[in-house]
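# Results of the structural survey
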Amino acid sequence: MNIEKHSGMMTELHSDTLVQTWDSILAIQTDLFGPEEVNLLKSWGFEENGGGVLDIGCGNGAYGHFLAKEFPYVKFYGIEKHPNLIRNAQEKLIKINNYSIFNCDLNTHLLPDDVAGQFNQCLLRLVLQHCPDPFKIIKKVYDSLPKGGRIFVIEEDDDFFKMYPDCKAFNDVVRIWKTVCETEGTERYMGAKVPILLKRAGFNVKKVKVLPQSNFEVGPQLIDYLIESVNLMHLTNKEIVSLERVASIKQGFDRYLEKHEDHWFATYPEIVTMAEKI
Ligand SMILES: C[S@@+](CC[C@H](N)C(=O)[O-])C[C@H]1O[C@@H](n2cnc3c(N)ncnc32)[C@H](O)[C@@H]1O
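Everything in this summary refers to the structure shown in the same document. (Residues numbered from 1 in each chain as written. Predicted model: local features only at pLDDT ≥ 70, side-chain atom pairs only at ≥ 80, totals over all residues. Heavy atoms only, no water.)

## Concerning the packing of aromatic side chains
The cut-off we apply is this: Pairing of aromatic rings covers Phe, Tyr and Trp, the last through its six-membered ring, and needs centres within 6.5 Å; plane angles under 30 degrees mean stacked, over 60 mean edge-to-face, and all others mean tilted. A run of H or I in DSSP counts as a helix once it spans at least four residues, and a run of E counts as a strand once it spans at least two, with each numbered from the N terminus. Only protein chains enter the accessibility calculation, which uses a 1.4 Å probe; a residue is then buried when its area is under 20% of its type maximum, exposed when over 50%, and partly exposed in between. Either the NZ atom of lysine or the CZ atom of arginine qualifies as a charge over a ring when it sits within 6 Å of the ring centre and within 35 degrees of the ring normal.
One pass over the full model with this rule turns up 11 aromatic pairs. Geometrically, the ring pair formed by Phe33 and Tyr268 is stacked, given 3.9 Å between the ring centres and 10° between the ring planes. On the criterion of sequence distance, the pair formed by Phe33 in helix H1 (residues 16-43) and Tyr268 in strand E8 (residues 265-277) is long-range, its members being 235 residues apart. Just as Phe33 is buried, Tyr268 falls in that class too. An aromatic cluster is defined as three or more aromatic residues linked by ring pairs; in this entry it consists of Phe46, Phe71, Phe76, Tyr99 and Phe152. A cation over a ring is seen here: Arg125 above Tyr63, with NZ or CZ 3.7 Å from the ring centre. Here Arg200 stacks its cationic end above the ring of Phe135, 4.9 Å away from the centre of that ring.

Structural data, given as structure tokens:
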């Protein structure tokens, strides 16, 4: 598999529509799944270390801004390799004092001077699944942290996708995601791989939480998120997801909701890991 392919769904962000759809996905992911993640981070003492946080692969910075508001005494440094996502951050997000973004590909570049040495914690949220060599990134994080510094990783893991009662549209979304991941080289089981990779890099893995976020916590908008994901996969992989298939999935969810109203259960599958440099 060549490197470009193995950068997964985020290899190219050439069209405005694609960037806008990513913006929409990142916003929904932040709104729906962010609050429960923050509760977990708080319970793991995220704000107690006192230093800055390096937010690697921060995308358009929407999630980073959300975190910076939740942890006003922590200084965040976002780094992102796609300049057009950063441009959006600079244009659309309200400036806040404790969050800044820098253009940097951690695979190929050193950390910017304004960032190196400014942090004692690192966060990687929904990034490693898109990386050609996740271990290389983790090793770089290890080397850039001081002793006692910590890494927090939030990743998806497909084994925890579920919808009950059975929903054909949901099964179709999961099937499409599987095919796109296999075609593009995006890792579907990154959540389970992370603790193993961290241990191999020399970290002491201290906490692992399987966090399937259900519609009972995040609301029925979980279905909107699934539909927006299929829209995105249509834009990146038209040969796998036609416009007709997107429309049929939307109709399928409409019919399901007509039948089951709010008597259904679905999960978005996350695994959160925290480790310390010893
Ligand atoms: C799915 S987005 C997640 C964005 C953000 N962390 C969030 O949770 O909303 C993954 C981001 O990681 C970035 N990324 C992947 N590899 C990177 C690298 N080597 N250096 C910097 N950014 C990277 C991608 O460009 C993309 O914007």
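## Here's the deal with helix H5 (residues 168-184)
So the rule is basically this: One less than the residue count of a helix, multiplied by 1.5 Å, gives the span that helix is expected to have. Working note: the arc is built from the helix axis to C-beta atom directions. In this analysis, two residues are considered to be in contact whenever any of their non-hydrogen atoms come within 4.5 Å of each other.
Helix length check: H5, at 17 residues, gives a terminal C-alpha distance of 24 Å against a target of 24 Å (1.5 Å per residue), a fit within 8%. Those residues of H5 that sit buried are Ala169, Phe170, Asp172, Val173, Ile176, Trp177, Val180, Cys181 and Glu184. The buried residues of H5 occupy an angular sector of 165° when projected down its axis, which confines them to one face. On its buried face, H5 is in contact with strand E5 (150-156), strand E6 (162-164), helix H8 (221-236), helix H9 (243-260) and E8. Following H5 by one or two positions, Gly185 adopts a phi angle in the positive range, close to 85°.

## Regarding the site of the ligand
The following threshold applies: Distances are taken per atom, and a residue is near a molecule or strand as soon as one of its heavy atoms is within 4 Å of it. Whenever two N or O atoms come within 3.5 Å, that pair is a polar contact, provided that in protein one can donate a hydrogen and the other can accept it, and provided that, for residues adjacent in sequence, both atoms are side-chain atoms. Only the protein chains shown count as cover for residues, and the accessible areas themselves come from Shrake-Rupley with a 1.4 Å probe. Throughout this entry, Asp, Glu, Lys and Arg are counted as charged residues, while Ala, Val, Leu, Ile, Met, Phe, Trp, Tyr, Cys and Pro are counted as nonpolar. The remaining residues, Gly among them, count as polar.
The local shell around the ligand holds 21 residues, among which Gly57, Glu80, Asp105, Leu106 and Arg125 are the closest. Take Glu80: an N or O atom from its side chain is 2.6 Å from an oxygen atom of the ligand. Asp105 has a polar side-chain atom sitting 2.9 Å from a nitrogen atom of the ligand. Taking 600 Å² as the accessible area of the ligand by itself, protein coverage stands at 99%. Along the lines of polarity and charge, the residues of the shell around the ligand split into 12 nonpolar, 5 polar and 4 charged.

## Description of helix H4 (residues 134-144)
Within H4, burial applies to Pro134, Ile137, Ile138, Val141 and Tyr142. The arc enclosing the buried residues of H4, seen along the axis, measures out at 140°, which places them on a common side. Where the residues of H4 are buried, they touch strand E1 (52-56), strand E4 (119-125), E5, helix H6 (190-201), strand E7 (203-214) and E8.

## Digging into the packing of H5 against H8
Rule in force here: An axis is simply a line fitted to the C-alpha atoms; with a helix, the fit covers only the stretch in contact. Between two such axes, the angle follows the N-to-C directions and lies from 0 to 180 degrees. Each crossing is labelled by how the near helix is turned from the far one, with a counterclockwise turn of less than a right angle marking it left-handed and a clockwise turn marking it right-handed.
Two elements in contact, H5 and H8, have axes whose closest approach is 10 Å; the angle formed by their N-to-C orientations is 35°. Considering the relative orientation of H5 and H8, their crossing is left-handed. From H5, Phe170, Val173, Ile176, Trp177, Val180 and Glu184 reach across to H8, where they touch Leu226, Val230, Met233 and Thr236. Classifying every residue of the contact of H5 with H8 gives 8 nonpolar, 1 polar and 1 charged.

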